[in-house]
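Reading the structure
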Amino acid sequence: MKEGNKEEWHGEGGIGLISSRLTLEGPLKKGKSSILLSGRRTYADLILRPVLASMHEENTGYYFYDFNAKVNYDFGRKNKLYLSGYFGQDKFYIRNNTDYFKENIGFLWGNATGTLRWNHLFNNKLFANASAIFSNYKFGIYDKYQVLQENKDYYAEYYSGIRDLSLKYDIDFIPSTKHWIKAGAITIFHRFNPHAFIEVDVPKNKNIHDVRYIYGIESGIYLEDTWQPLQSFKVNGGLRFSHFIASKNQYHFLEPRLSMAWSLTTDFAVKGTDAYMNQ
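Everything numeric here is computed off the predicted structure, so don't read it as measured data. (Residues numbered from 1 in each chain as written. Predicted model: local features only at pLDDT ≥ 70, side-chain atom pairs only at ≥ 80, totals over all residues. Heavy atoms only, no water.)

1. So, the overall build of the protein chain
Helix and strand counts for the protein chain stand at 1 helix and 13 strands. Listing every helix and strand of the protein chain by position from the N terminus yields β-β-β-α-β-β-β-β-β-β-β-β-β-β. Scaling as 2.2 N^0.38, a compact globule of 279 residues should have a C-alpha radius of gyration of about 19 Å, whereas the protein chain reaches 26 Å, well beyond that. Counting only C-alpha atoms and orienting by the principal axes, one finds that the protein chain spans roughly 80 × 55 × 45 Å. Expressed as a percentage of its 279 residues, the buried residues of the protein chain come to 27%. Across the protein chain, contacts joining residues at least 24 apart in sequence account for 52% of those joining residues at least 6 apart. Total accessible area on the protein chain is roughly 18200 Å²; 60% of this is exposed by carbon and sulfur atoms. (Helix = DSSP H or I, 4+ residues; strand = E, 2+ residues; numbered from the N terminus. Rg over C-alpha atoms; globule rule 2.2 N^0.38 Å. Buried < 20%, exposed > 50% of the residue type's maximum accessible area, 1.4 Å probe, protein only. Contact = heavy atoms within 4.5 Å. Areas by Shrake-Rupley, 256 points an atom, 1.4 Å probe, with all protein chains shown as cover.)

Following this line, the structure appears as structure tokens:
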């Protein structure tokens, strides 16, 4: 994401046939810190609602929204701090309301992420980024039913998701115009939620919460070098060691890779890649 303006406030937006967007950016501390906020939402469900009502149809709709935010602070030439986030969701629903009962059925999926990153410049040839990253994805189906004049409430939900917390440290070293060396390490704490079922039925005194989690830890270290001895010839070679722990089992792999690109003319190039990877 781009950084917000550190000198003055700006805003821009757009109104379309199915969605609108708005972006605001400006300084929190002039010359030092800024914030950027951006959001978007579709409104096809709002436009179609009067049409469906005139046809005596159930209230059916679909929409999505997303929201981005980023704050940064400049501590000087060598240190910068960034905090950014993304939140988005898609939702489809059917609502049927009468004088006797209310029902709401639908399914949704969405993601929420956040990143805290510290950029440190050691010198003109060496800099590093330390990051803490959170992400949470969820997909769900639900059904809510209520009889208005009786004590009858029913709710059921089935969902799955993945929640990750990552810690990573990356170093970039540029010893000369011909070399760009990268190295780093990462650890990801996974929480997989392959199955979750919730059912609440008041008249039948039923209350089921069947939620299951699987945990895993994924780690890796890597080193790579991009070497460009000629303006027309470039080589990238690297090695990564990957490690994964789940359900008391451990897996580890070495992942070498090599790629080359040779521009023979301005219109013709030859490229080749060989890599060994695991998932």
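2. A closer look at the side chain of His120
Topologically, His120 is positioned in strand S6 (residues 101–123). Taking the relative accessible area as the measure of exposure, His120 reaches 17% and is therefore buried. Here Asn79 takes part through its side chain, which lies 2.8 Å from a polar atom of the side chain of His120. Dropping the residues within four chain positions of it, His120 is found in contact with Lys78, Asn79, Phe127 and Ala128. (Polar contact = N/O pair within 3.5 Å; in protein donor to acceptor, adjacent residues only side chain to side chain.)

3. Details of the packing of aromatic side chains
On inspection of all chains with the given rule, the structure shows 7 aromatic pairs. Ring centres of Phe107 and Trp109 lie 5.6 Å apart, and the angle between their planes is 15°; on these two criteria the pair is classed as stacked. Directly above the aromatic system of Tyr159 lies the positively charged group of Lys138, at a separation of 4.4 Å from the ring centroid. (Phe/Tyr/Trp six-rings, centres within 6.5 Å; stacked < 30°, edge-to-face > 60°. Lys NZ or Arg CZ within 6 Å of the ring centre and 35° of its normal.)

4. A word on the pairing of strand S2 (residues 19–29)
Where strand S1 (residues 10–15) meets S2, 6 bridges bridge the pair, whose relative direction is antiparallel. Across the sheet, residue His10 finds its bridge partner in S2, namely Glu25. Between S1 and S2, which pair antiparallel in sequence order, lie 3 residues. Bridging between S2 and strand S3 (residues 33–42) involves 10 bridges; their strand directions are antiparallel. (Pairing = 2+ DSSP bridges.)

5. Concerning unusual backbone geometry
A positive phi angle is found at Ser247, which is not glycine, with a value near 55°. With respect to the helices and strands, the residue Ser247 is situated in the loop between strand S11 (233–246) and strand S12 (249–263). The backbone phi angle of Lys248 is positive, close to 65°, even though this residue is not glycine. Here Lys248 is to be found in the loop between S11 and S12. With a relative accessible area of 83%, Lys248 lands in the exposed category.

6. Digging into the side chain of Ser242
Relative to the helices and strands, Ser242 is located in strand S11. Given a relative accessible area of 12%, Ser242 falls into the buried group. Among the polar contacts listed, one links the side chain of Ser242 to the side chain of Arg240, at a separation of 3.1 Å. In terms of polar contacts, Ser242 uses its side chain to reach the side chain of Glu255, at 3.1 Å.

7. Quick notes on the environment of Phe134
Mapped onto the elements of the fold, Phe134 is located in strand S7 (residues 126–147). Take Phe134: its relative accessible area is 37%, and that puts it in the partly exposed class. A sequence separation of 29 residues divides Phe134 from Arg163, and the C-alpha atoms of the two residues are 7.7 Å apart. Here Phe134 is in contact with Ala112, Thr113, Gly114, Arg163 and Asp164, once residues within four sequence places are set aside.

8. What about the pattern of salt bridges?
Under the counting rule described, the total for this entry stands at 9 salt bridges. Asp74 is paired through a salt bridge with Lys6; the nearest N and O atoms lie 3.7 Å apart. Linking Asp74 in strand S4 (residues 59–74) with Lys6 in the segment before S1, this pair joins segments that are 68 residues apart in sequence. Considered together, Asp74 and Lys6 belong to a single accessibility category, that of buried residues. Linking Glu224 and Arg257 is a salt bridge whose minimum nitrogen-to-oxygen distance equals 2.9 Å. With Glu224 in strand S10 (residues 206–230) and Arg257 in strand S12, this pair connects stretches of sequence that are 33 residues apart. Residue classification places Glu224 among the buried residues on the basis of a relative accessible area of 14%. (Salt bridge = Lys/Arg side-chain N within 4 Å of Asp/Glu carboxyl O.)

9. Brief notes about the environment of Glu255
Along the chain, Glu255 falls in strand S12. When its relative accessible area of 8% is taken as the criterion, Glu255 is described as buried. C-alpha separation for the pair Glu255 and Leu239, spaced 16 residues apart in sequence, amounts to 5.7 Å. Not counting residues up to four positions away in its chain, the partners in contact with Glu255 are Gly238, Leu239, Arg240, Ser242, Tyr276, Met277 and Asn278. Within the structure, Glu255 has its side chain in polar contact with the backbone nitrogen of Asn278 (distance 3.1 Å).

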